[in-house]
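# Coordinate inspection notes
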Amino acid sequence: MGLVSGQYDTRAQVRERIKTYHEITMGFTPNDFPMECPDDLALETLLELSIEAEKTIVPNFFHESSKVDGKGSESDLREEFKRFKMEKLCDMVDTNKLFADATWTSFFDSLGNKGEGEGGVKTSA
């Protein structure tokens, strides 16, 4: 038996209640969930391998004269990677941290109460 059972017909209904609780009740955005990311060493290794591959495959990429619109340097690639890692590489909710939060535990407990209460915000059926 899962964390939520019984009263809901679909995962979509449960997902909508979680979204409503997170965004409306708690005032967070979808980006405010605790995220599970690769560790810093793995990310640094990935970045360095990527840079080395760029240098091997496209040797002139980092050469000053090959820049287009002032972009193309190694530092540009490093900055782009910083943005990319938060948007794409940290793409799973850290459920251990989420369920360690008493607020979320209470929310999921309340889902078993016929859709009423803290987490079971009534939605149109």
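The preceding data block contains the structure.
Figured I'd write up the structure that's included with this text.

Cut-offs used in this document
Here the residue numbers are simple positions, counted from 1 along each chain's written sequence. Given that the model is predicted, a residue must reach a pLDDT of at least 70 before its local features are reported, and side-chain atom pairs must reach 80 or more before they are shown or counted; all residues, however, enter totals for whole chains, interfaces and linings. Excluded from the side-chain calculation are hydrogens and water; included are all heavy atoms of the structure. Throughout, a disulfide means two cysteine sulfur atoms within 2.5 Å of one another. A run of H or I in DSSP becomes a helix once it reaches four residues, and a run of E becomes a strand once it reaches two; helices and strands are each numbered from the N terminus. The buried label applies to any residue whose accessible area, calculated with a 1.4 Å probe on protein chains only, is under 20% of its type's maximum; exposed applies above 50%, and partly exposed to all values in between. Summarising the geometry, the arc corresponds to the directions from the helix axis toward the C-beta atoms. Whether two residues are in contact is decided by their heavy atoms: any pair within 4.5 Å suffices. In protein, a polar contact means a hydrogen-donor-capable atom and an acceptor-capable atom, both N or O and within 3.5 Å, with residues adjacent in sequence counting only if both atoms are side-chain atoms; elsewhere, any N or O pair within 3.5 Å suffices.

All right, on to the state of the cysteines then. Scanning the entire structure with this criterion turns up 1 disulfide. Residue Cys37 pairs covalently with Cys90 via a disulfide, S to S 2.0 Å. Judged by the torsion about the S-S bond (130 degrees), the Cys37/Cys90 disulfide is right-handed. Placement of Cys37 in the loop between strand S1 (35–36) and helix H2 (40–57) and of Cys90 in the loop between helix H3 (74–89) and strand S2 (92–93) is noted, with a sequence separation of 53 residues between them. Judged by relative accessible area, Cys37 falls into the partly exposed class, the value being 35%. Since its relative accessible area comes to 4%, Cys90 is described here as buried.

Right, let's get into helix H5 (residues 102–110). Those residues of H5 not exposed but buried are Trp104, Phe107, Phe108 and Ser110. Buried residues of H5, seen end-on, are gathered within an arc of 160 degrees and therefore sit on one face of the element. Counted as exposed and oriented over 90 degrees from the buried face of H5: Ala102 and Asp109. The inward-facing, buried residues of H5 contact helix H1 (11–25) and helix H4 (95–100). The opening residue of H5 is Asp101, an N-cap whose side-chain oxygen sits 2.8 Å from the backbone nitrogen of Thr103.

A few words on the environment of Pro34. Tracing the backbone shows Pro34 in the loop between H1 and S1. Between the alpha carbons of Pro34 and Asn96 there is a distance of 9.2 Å; along the sequence they are 62 residues apart. Those residues within four positions of Pro34 in sequence are excluded, and the remaining contacts are Met92, Val93, Asp94, Lys97 and Leu98.

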